[in-house]
Structures are given as structure tokens and as C-alpha cells.
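Structural overview
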Amino acid sequence: MHSIPVLRNTTGVAEVNAWAAKGDGIMSEEPTFEHTQLFDHELSPEETVQLRNQLCFPLYAAAKEVVRRYGPILDDLQLTYTQYITMMVLWEKKTVSVSELGNELYLDSGTLTPLLKKMEAKNLVKRTRSAKDERRVDVSITPDGMALRERAFCVPVKMGSCMHLSDAEMAQLAYLLDKLIRNVRKSQTDSSCSGVSA
């Protein structure tokens, strides 16, 4: 089992290592990106601006590649990836406000408005102004949108087969990404955010 590179002084290391200990074949293949030594020593100023020493780059590349693989799978549903994750929220909650939807998906109103307009044109969702608060716009799933859910059951299965990660690796990755998102969002209002290379 290969060791998992972690940031120095990062809280939650014990929890992450616990995830790793539960599974077989964690980090069973050598990573493409050269991050195994990234946090083993203090980086020089020159090293901090080398691409191989940036944590943000494999995150960017992974997100781009995963979304790209979703493309042909979602073509059968005639959905873009952003429309798909919007439908996932509405399949579960049926009706949410535009503001709540934006918070769930980390999307601003400038992105949501044209997105919902296109989905409404497909009769997948319906927007209505709240009777209790005219400033609030609610988004509800339509019968046609709800009917699409059963056809989407195969999507996570197909995507899982592309990733070749064990259950333990997926749990570990989900834990770390959730923690990263929360920390980065918190740092937007936290003046103590340091200049650690990422």
C-alpha cells in the first residue's frame, strides 16, 4: 500500500488514514501527477510556481475529465452536466427556491437563470413566484422531469465504471473534497487564510 500524501499540520489526517485502512488497493497505481513528494519538504520560491507542485491543477484536470466523460452518457437524456445535477436536486426535493438551488450547486444567479430557462423550455422544470414572498422564485420539477429520473439510474453506474476506484477510495476522496470545498468557502471571509501553495 502506498502512503497517501497529506498537507502538514492538516486537521483530520487520522480520519483520512482511517478511510485508507478500511480498503484494499488504496493508491494501487502510481499517480500520473507528481505529488507523492509535494508535501514532504518546504518548497523553495521557485518550486512553488512549478506546475507539478500545484494541488489545484490535478483538481482542475480531474473535474474537466470527469465532466467530459459525462457528456456522451448524458446525451441519451438530452441533458448537460449542469442540467443533470440540477435535476438531481429536484428529483430529491421536488421544489426549491432559486436561491436554495444555487447554494446546493454552488452556482450564481447569472448561471442559474439561463440554465433554468432552457430546462423550462424542455418542460423539465417550472418556475413560479412565491405567493408568500414575491421576491422568491421557486423551481419545481414537472411530471416529464420526474419521469426522466428512472432513465438516469444507469448514469452513476456508467460513470463509476470509468473511475476504477474502490469503495474506500471513493469514500476517502469524497471526504477530502467536501472538506476542501468547505475550507475554501470559509476562507473567503477568513482573513487568516495563508499563502500556502496549492
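As shown above, the structure is provided for reference.
Read on for an overview of the structure. (Residues numbered from 1 in each chain as written. Predicted model: local features only at pLDDT ≥ 70, side-chain atom pairs only at ≥ 80, totals over all residues. Heavy atoms only, no water.)

Some remarks on the nonpolar core
Residues Tyr84, Met87 and Val155 are the most contacted members of the largest nonpolar core, which totals 26 residues. For this core, the secondary structure elements donating two or more residues are helix H3 (56–75), helix H4 (81–93), helix H5 (98–105), helix H6 (109–121), strand S3 (137–141) and helix H8 (154–163). The element best represented in this core is H4, accounting for six residues. (Core = buried A, V, L, I, M, F, W, Y, C linked by side-chain atoms within 4.5 Å. Buried < 20%, exposed > 50% of the residue type's maximum accessible area, 1.4 Å probe, protein only. Helix = DSSP H or I, 4+ residues; strand = E, 2+ residues; numbered from the N terminus.)

Things to note about the pattern of salt bridges
Scanning all chains against the criterion turns up seven salt bridges. Glu65 is the partner of Arg68 in a salt bridge, and the nearest nitrogen-oxygen pair spans 2.7 Å. Here Glu65 and Arg68 lie together in helix H3, a separation of three residues that amounts to about one turn. Relative accessible area serves as the criterion here: at 51%, Arg68 is assigned to the exposed category. A relative accessible area of 32% means that Glu65 is categorised as partly exposed. With a closest N to O distance of 2.5 Å, Asp138 and Arg136 form a salt bridge. The exposure class of Asp138 is buried, given its relative accessible area of 12%. The exposure class assigned to Arg136 is partly exposed, which follows from its relative accessible area of 32%. Taken together, the shared-partner salt bridges in this structure form one network comprising Lys64, Glu65 and Arg68. (Salt bridge = Lys/Arg side-chain N within 4 Å of Asp/Glu carboxyl O.)

Observations concerning H6
Over its 13 residues, H6 extends 18 Å from the first C-alpha to the last, a length consistent with the 18 Å expected when each residue adds 1.5 Å. Those residues of H6 that sit buried are Leu112, Leu115, Leu116 and Met119. Summarising the axial view, the buried residues of H6 lie within an arc of 100 degrees, below the 170-degree limit, and thus occupy one face. For H6, exposure combined with an orientation more than 90 degrees from the buried face picks out Gly110, Lys117, Lys118 and Ala121. (Expected span 1.5 Å × (residues − 1). Arc of directions from axis to C-beta.)

Keep in mind that these numbers describe shape and distance, not what the molecule does.
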